[in-house]
Structures are given as structure tokens and as C-alpha cells.
Amino acid sequence: MAQAARKAAAAALLSPPQTFFVSPSSAVLLPEACAAKKALSEAHRQRVRGCVRSSWVKARGLHNARGVFDRTPTRNLPAWTSIISGCAREGRHADGMRAFTEMLDGCGVTAPNAFVLAGVLRCCAGLGDVESGRRIHGWILRSGVCPDVVLCNAVLDMYAKCGDHGRARRVFGAMTQKDATSWNIVIRACLQDGDFVGAMRLFDESSLRDVSSWNTIISGLMRHGRTTEALDCLQQMVRAGVVFSNYTYSMAFSLAGLLLLLDLGRQLHGRVMVAVLEEDVFVRCSLIDMYCKCGEMETALSIFDRWSEFTDDIQFAWSAMVAGYIQNGREEEALEFFRRMLREGVPAGQFILTSVAAACANAGMVEQGRQVHGFVEKLGHRFDAPLASAIVDMYSKCGSLEDACRIFESAQDKNVALWTTMLCSYATHGKGRMALETFSRMKAEKITPNEITLVSVLSACSHSGLVSEGYHYFNLMQKEYGIVPSTEHYNCMVDLYGRAGLLDKAKNFIEENKISHEAIVWKTLLSACRLHKHIEYAKLASEKLVQLEQYDAGSYVLMSNMYATNSKWLDTFKLRSSMRERRVRKQPGQSWIHLKNTVHRFVALDMSHPRSAEIYAYVEKLMERLKEMGYASRTDLVVHDIEEEQRETSLKFHSEKLAIAFGIISTPVGTPLRIFKNLRVCEDCHETIKFITRATDREIVVRDLYRFHHFKDGQCSCEDFW
């Protein structure tokens, strides 16, 4: 009898709603509805009250609705339905679960209906509370509640979002009625498990594919780095004639940007303009981001400027533009764009501040980085892990390791990314022992390292010559953490052996681990051969790179320089002729220094700086003084077949020497100098700078392509191991 009564009540409550005229501002039925109200049964009157409360929740907010609800003496099922559904819809999942508990604790409600159960299951999903979700699912199966497709989808979604994908698939298999949402949920669960084959099989089996289905499969593939498969699916979607949604366009622009497919991006841009979707915030931001990733900053700026004339809601677009300038190596423009943003009164959120800190880091602008740090504190932003990581990285890459350590130690929430950033900072500054101590602290804090963490640890060992330690951690990553080595880990090991002069071990490691097809490991070995003057292995590495069709300038230059330093001028000529034939261009070396918010850049034998005459005169004077102190130029490093005097002149005016000379004549005596270089610092400059610190009583920090060198009192922090 009780079950029959419940079914009857459920039938009444779930019957099609009547039409009522409700004033959301007062939540009172208007006269047109009063006559209908008098004719209703008790069940229908409860339904009306539920509609009124639902309208109140939507119009006035959940907080006000709950206040009215708490003052209501009679709390019936439709009222609880409105409150719980409202909590689920607004993301207040804990409140929704508490309301459900109150409802069950004797408020005159015999049993929850399907609407309440669906709302509670959404709350369980939001909280990741799979145990409560299982109990509710079990009650549904035992109680005889008729589970329609909406309720079944709620059960399915709860298991999927709580990570119980096996049970989600079993529920899906048992469902007698499925809609497109059902298929999308289980496909998404497969993708989260990395089961791409299973996801594609389900996608192909579904006869209810809508635009959301296509969006699910494409975005899932993109999130897991399977961009080629995602592009194939996008092309299939076009051939199937599916009309793109706003989300599809945003996703497609992101895919074009990731793959650097400018032509595809332009085609999509044309379709957006025809569909009159260009003013959608997310579509426009994705469009700007695509052009930025493809290097078309001027086009991105044009779209941004047109948009900014019509709307103020463009904070995401500001962030995309700043990030775009950074991605294209235009950090100074990124900072200028950020200053423009502040002038126009756009609030600076944590995401854009993280990007600006990255700009300062890449360019080595420590003073501007300090301003960003101060700006974060002034605005009262919480130093969460991503922002703290960005500030730590900024100070580290600007040469101020002490400040990086201070920010790291003061951070409250240290996640694996922040620990990894600190490890990487120690590695690039040649503090291998400190990096290993920090890694031990990280393990003591029960933070599980990831793949990038181990790359940082191995890199720290490599830069500090800690061969046995590096070998230990390479084995540990597999045995203790189950991390399968990637190309980056293997390359760190080749670098570890190569820097230490263990070239036989480096070569054998490549062959034993079957990574001969990876060009990067041969480039690393070639670099080590150049350092240790091992011509035989250098030839082997060079031949492998040619076989792999890696015609990059770096490999050619390394081999060419090896021939030159061994006076093999004919081999040098042949290699450089090959470079010209294949149109391989060497990246010009340059150094820069920041003074008074201005970046001063130099290349070797550069005369373009306004103070070139002063700089060259000072270099001549300084080099004479260094010779008196015992310095001798390394003319054997010159890679051109020229006279001895010309070789010495060529070395004298390397870009880092010009930058240092400019820094000395432009700053007060004793001021530390920070120099940045886009290539590896040469041996002659390295030796010269040690003498300069003694001659001028200055500390000089040089950041080259691979690491930091802290020069002081005639010594370098790398101890001549770099």
C-alpha cells in the first residue's frame, strides 16, 4: 500500500505542469492563476508551490530562497526539490547534500522523487563523493523509483565524475533508454581513462551523435595531446554537415593554434564571420589566441582593437594578447601591453599577472619583475601555487636565486608544480646538492613527483657533475614512482655522462636504450664531443643527425667549429658549403643587459649602439689591463682561418664582452651586472669574465642558453663545469 501511495504521489508530482502566471519579484500568484489554483488537487497545489519556489530561486538567488524556505512552516517535496536542484545548479554541492539530509530527517516527506535524486547525484558528482552516490543509486534500485533517462544520466555522470569509470560503463550498458547525453558521458569517461580506442568505438556506435558528441570526442583527444586524431575528427564533422556551436569554433581555433595551421584558422575565421559569431567572448578570445600561436600578432592586435571599441568584457582577451607576445619572444611588447591594460583601468587577475611574470623571466627583467611582485601584493592576490611558481621562476631566471628561495619558502600551498619550479631553479644555477636536498624535502612532505620533477632532478645532477646520483634517480623514477622514461629523461642521462667526459657511457646508453632515432640525444652527444674534443664520436653523432634529416643550424655549427678548432679547414669549408646548399642559417649570437627599464642588445663586432665608441675604447683599455693580470686570449677557439692578430680582435669584441663593458661604464662602481645571452657562453669569454670581476671588483651574473654563471672574485659558480 505504501509503495502504491508513493507511486501515485510520484505520478501526480511528475505529471505535465499547468500554465501559471508568476511574478518572480513577489512570488505571488496573479489573479489569472487564482481560479485555476482553487480547482487543483492537493498534489497539484504542492506542485504550484514548487514552481513558485523554483521561480524565486532563479530570479532572486538561492540565498534569499533558502531564507524564505527556512521560515516556511510546511516543507513539502516540491519545496525541497527546488532548494536541492538550486544548490546543484549553482555549484553549492555541500549545501545541497545538507538539505537532502535535512529532508530525510523527518520533515514529513515520505520519499524523494526523481528530480530530488537527480539533484543530489549532481551534488555527489561535484563533491567527488562516490560513496554517497553509490548509496543513492542502490536505494533507487531497491525502492522501485522509475528511473527515466534523466535520472539514469545523473547516476552515470556521478560515477564518471567521481572516477569510477568501470561502474559508469556497467550502468550505461544496463540502460534501456539512452540519449545523446548518455553516450557523451561514457565517451568522456573513456577519454579520461586514456582509452582512445574504446571512446572512438562508442562514438562510432552511437546513432545519436549531436554537436556535443563531436565536441566531446575532439576536446578529449586534444586534452590528451592527440591533436592529429582531433583534426581528423574535426574534418569528419565538417563532412557530416554538423553545424558548429560556439564551443566547436573555440575548440577548433585552439586546435589550429596548437598545430600552427594558419590557413585552417583563417578558414574558420571566415565561417565565424558568416555565422555572425565573432562577438562571442570565448570565440573571439580563441580566435585571438590562434593568431598569436601562429605568429600573426598584428592580426591578433587588429581583432583585439576592433573588439575593445564595443565591449569592456575583454579581460580574457588582454590575457591572450600578453601570452601571445611572450610565446613569440616579444616580452618587451608584452610588458608594454600590460601597462596599457592598467592605464585603461582593466583589473589585473592572477592569470595575467602569471603571464607578465613569465615575460619578465624570459627577458631577464628583474626590476620589472619586482614591480609585478609588488603589484600582486598590493592587489591582495593570494599566492596560490601557479602564481607563486611564476614569481619563483621569474626571480630565478633573472639571476636572483635568493629571492626565488624566499618566495618558495613563504608559499603556503606547495604543490608538485611549485616544488618542481624550485628544483629547476637550483639546477639552472648549478646548485645540484641543494636540488637533491629539496627533492628529499618534497618526498618527506608526501608530494608525489611527476615526469617534469624527475627531469629537473636529472638536470641538476648533470649541471653539477653528480653522475652516480643521476644514475640512482634515473633508476628510482621507474622502480619507486612507476614513471616510464621519456626522451627528456634519456637526454638528461646522455648529457650527464657527456658533460662529465664519459663519452663511451653516453654512446652506449643511447644504443642500449634504443633511442638512436631521437635526434636530440645525438645533438647532446655532439655538444659534449665539442667540449671534450672527441672528433670520432662527433663524426658519428653528425652522421646520425644527417640520417635523421635534422638540418638545424646548431648541429652544423657544432661540427664545423670542431673541425675549425682542430685546423681541419677543408672539412670546415665542405660543411659550411653544405649549410648554404640546404639554406641552413646560423642563429646569430647576441647578449643583452637591462638598465633603467631599457634593453640594450649587442652582437659580436656590433657598432650600432649609440655609445659604441665609448664601449670599444673601454674594451681595448680593459683587455690591456687583463693581460697585465695574466689573461691570455684563447685564439685556438676562433673558427675562421685568419691571422693570429685578427683572431684576437675577433675574440675581443664578442657580444657578452660588449654588454659587460657597456654595463661598467653606465653604472656606479661596484654595481652587480646581469648579462643575458641566447647561446652558450664560449670558453674565452668565460675566462675573461673571471678576470674582469677581479679587475673591477664587481659581481657579474651571466645567463646563457643552458644555465647561470655567477662570477665573483675571479671565480665562477660553475667551477668551470658547464
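The name an unreviewed UniProt entry assigns to the chain is DYW domain-containing protein, from the organism Sorghum bicolor.

**Q** Explain the overall build of the chain to me, please; I cannot follow it from the model alone.
**A** On a plain count of helices and strands, the chain comes out with 38 helices and eight strands. Taken over 722 residues, the chain has a buried fraction of 50%. In the chain, 63% of the contacts between residues at least 6 apart in sequence involve partners at least 24 apart. A total of about 34700 Å² of accessible surface is found on the chain, and carbon and sulfur atoms cover 53% of it.

**Q** Even after reading the chapter, I still don't get the packing of aromatic side chains, so can you show me in this structure?
**A** Two aromatic rings are characterised by how far apart their centres lie and by the angle between their planes. Counted according to the given criterion, the structure contains 18 aromatic pairs. Geometrically, the ring pair formed by Phe474 and Phe509 is edge-to-face, given 5.7 Å between the ring centres and 70 degrees between the ring planes. Taken together, the residues Phe474 in helix H28 (residues 467-479) and Phe509 in helix H30 (residues 503-512) connect sequence positions 35 residues apart. The exposure class assigned to Phe474 is buried, which follows from its relative accessible area of 6%. Since its relative accessible area comes to 8%, Phe509 is described here as buried. Judged by centre distance (5.9 Å) and plane angle (65 degrees), the rings of Tyr631 and Phe691 are edge-to-face. Of this pair, Tyr631 sits in the loop between helix H35 (612-628) and helix H36 (644-652) while Phe691 sits in helix H38 (residues 683-696); the two residues are 60 residues apart in sequence, bridging distant segments of the chain. Taking the relative accessible area as the measure of exposure, Tyr631 reaches 5% and is therefore buried. The class for Phe691 is buried, based on a relative accessible area of 11%.

**Q** I would appreciate a short explanation of the side chain of Gln368 in the present structure.
**A** Mapping Gln368 onto the fold places it in helix H22 (residues 366-379). On the basis of relative accessible area, Gln368 is assigned to the buried category, the value being 10%. Not counting residues within four places of it along the chain, the set of residues in contact with Gln368 comprises Leu335, Cys360 and Asn597.

**Q** Any chance you could explain the environment of Ala189 here in plain terms?
**A** Mapped onto the secondary structure, Ala189 falls in helix H11 (residues 180-192). Under the relative-accessibility criterion, Ala189 is labelled buried at 1%. Through-space distance from the C-alpha of Ala189 to that of Gly166 is 9.0 Å; in sequence the pair is 23 residues apart. Excluding anything up to four places from it in sequence, Ala189 contacts Ala160 and His165.

**Q** What is the right way to read the UniProt feature "repeat: PPR" (unreviewed entry) in the chain from this model?
**A** The positions UniProt marks with the feature "repeat: PPR" (unreviewed entry) are residues 76-106, 148-182, 210-244, 314-348 and 415-449. Here residues 148-182 is 74% helix and 0% strand, with 12 Å between the C-alpha atoms at its ends. Helix makes up 74% of residues 210-244 and strand 0%, with an end-to-end C-alpha separation of 10 Å.

**Q** Quick question: what am I supposed to make of the sheet that holds strand S6 (residues 700-703) here?
**A** Strands in a sheet are paired, the pairing made by backbone hydrogen bonds, and the direction either parallel or antiparallel. Judged by pairing direction, the sheet is mixed, and its six strands sit side by side in the order S4-S3-S5-S6-S7-S8 without closing on themselves. In this open sheet, the two edge strands, each paired with only one partner strand, are strand S4 (598-603) and strand S8 (715-716). Alignment of strand S3 (residues 590-595) against strand S5 (residues 673-677), held across two bridges, turns out to be antiparallel. Its bridge partner being in S5, Ser591 is matched across the sheet by Lys677.

**Q** Is there a simple way to think about the packing of helix H26 (residues 432-444) against H28 in this case?
**A** Geometry of a packed helix pair, given as the angle between the helix axes and the separation of the axes. Where H26 contacts H28, the two axes come as close as 12 Å, and the packing angle between them is 30 degrees. Judged by the inter-axis angle, H26 sits roughly parallel to H28. Like other packed secondary-structure pairs, H26 and H28 cross with a definite hand, here left-handed. On the side of H26, the interface is formed by Arg433, Leu436, Phe439 and Lys443, while H28 contributes Glu469, Tyr473 and Leu476. Considered class by class, the residues forming the contact of H26 with H28 number four nonpolar, no polar and three charged.

**Q** Looking at this model, I keep getting lost on a negative patch on the surface. Mind explaining?
**A** A cluster of acidic residues, Glu402, Asp697, Glu699 and Asp713, forms a negative patch at the surface. Considering the arrangement of structural elements, one finds Asp713 in the loop between strand S7 (708-712) and S8.

**Q** Quick question: what am I supposed to make of helix H31 (residues 519-532) here?
**A** Residues separated by three or four positions in an α-helix point in the same direction, a consequence of the helix having 3.6 residues per turn. Here H31 contains 14 residues, and its C-alpha end-to-end distance of 20 Å stays within 8% of the 20 Å for a straight helix at 1.5 Å per residue. Lys533, located one to two residues past H31, shows a positive phi value of around 55 degrees.

**Q** Any chance you could explain the pairing of S6 here in plain terms?
**A** Side-chain direction in a regular strand flips from residue to residue, so the side chains alternate between the two faces of the sheet. Every second residue of S6 is oriented toward a common face, with Ile700 and Val702 on one face and Val701 and Arg703 on the other, all of them buried. Of the pairings in the sheet, the one linking S5 to S6 comprises four bridges and is parallel in character. The residue bridging Ile675 from the neighbouring strand is Val702, located in S6. For the crossover that starts at S5, traverses H38 and ends in the parallel S6, the hand is right-handed. Between the antiparallel neighbours S6 and S7 lie four residues.

Each value, and the rule that gives it
- Going along each chain's sequence as written, the residues are numbered from 1 onward.
- Only residues with pLDDT of at least 70 get local features here, since the model is predicted, and only at 80 or more are side-chain atom pairs given and counted; chain-wide, interface and lining totals rely on the full set of residues.
- Derived side-chain values reflect all non-hydrogen atoms in the structure, with water molecules and hydrogen atoms excluded from consideration.
- Helix and strand definitions here come from DSSP, where helices need a minimum of 4 consecutive H or I residues and strands a minimum of 2 consecutive E residues; each element is numbered from the N-terminal end.
- With a 1.4 Å probe rolled over the protein chains alone, any residue whose accessible area is under 20% of its type maximum counts as buried; one over 50% counts as exposed, and the rest are partly exposed.
- We call two residues in contact when some of their heavy atoms are within 4.5 Å.
- Only the protein chains shown count as covering a residue, and every accessible area follows the Shrake-Rupley method with a 1.4 Å probe.
- For Phe, Tyr and Trp, rings pair up if their centres lie within 6.5 Å, where Trp contributes its six-membered ring, and each pair is then called stacked (planes under 30 degrees apart), edge-to-face (over 60) or tilted (otherwise).
- UniProt positions are given in the numbering used here, feature names are shortened, and annotations may be inferred rather than shown by experiment.
- When DSSP finds at least two bridges between two strands, those strands are taken to pair.
- Orientation is described by lines fitted to C-alpha atoms, with helices fitted over the stretch in contact, and by angles between N-to-C directions that extend from 0 to 180 degrees.
- Angle categories are assigned with fixed cut-offs, so that under 35 degrees is roughly parallel, over 145 is roughly antiparallel, 65 to 115 is roughly perpendicular, and the rest are oblique.
- Should the near helix be turned anticlockwise from the far one by less than a right angle, the crossing is termed left-handed; should it be turned clockwise, right-handed.
- Here the term charged refers only to Asp, Glu, Lys and Arg, the term nonpolar to Ala, Val, Leu, Ile, Met, Phe, Trp, Tyr, Cys and Pro, and the term polar to all other amino acids, Gly among them.
- Like-charged residues within 9 Å of one another, or nonpolar side chains (Val, Leu, Ile, Met, Phe, Trp, Tyr) within 5 Å, are grouped into patches, provided each residue has over 30% relative accessible area and no salt bridge.
- For salt bridges, the criterion is a side-chain nitrogen of Lys or Arg within 4 Å of an Asp or Glu carboxyl oxygen.
- Under the counting rule used here, the positive set is Lys and Arg, the negative set is Asp and Glu, and His together with the chain ends is not counted.
- Where a charge lies is defined by one atom per residue type, namely NZ (Lys), CZ (Arg), CG (Asp) and CD (Glu).
- In a helix, the anticipated span is given by 1.5 Å times the number of residues less one.
- Handedness is read with the strands pointing away from the viewer; a crossover is right-handed when the path from the first strand over the helix to the second is clockwise.

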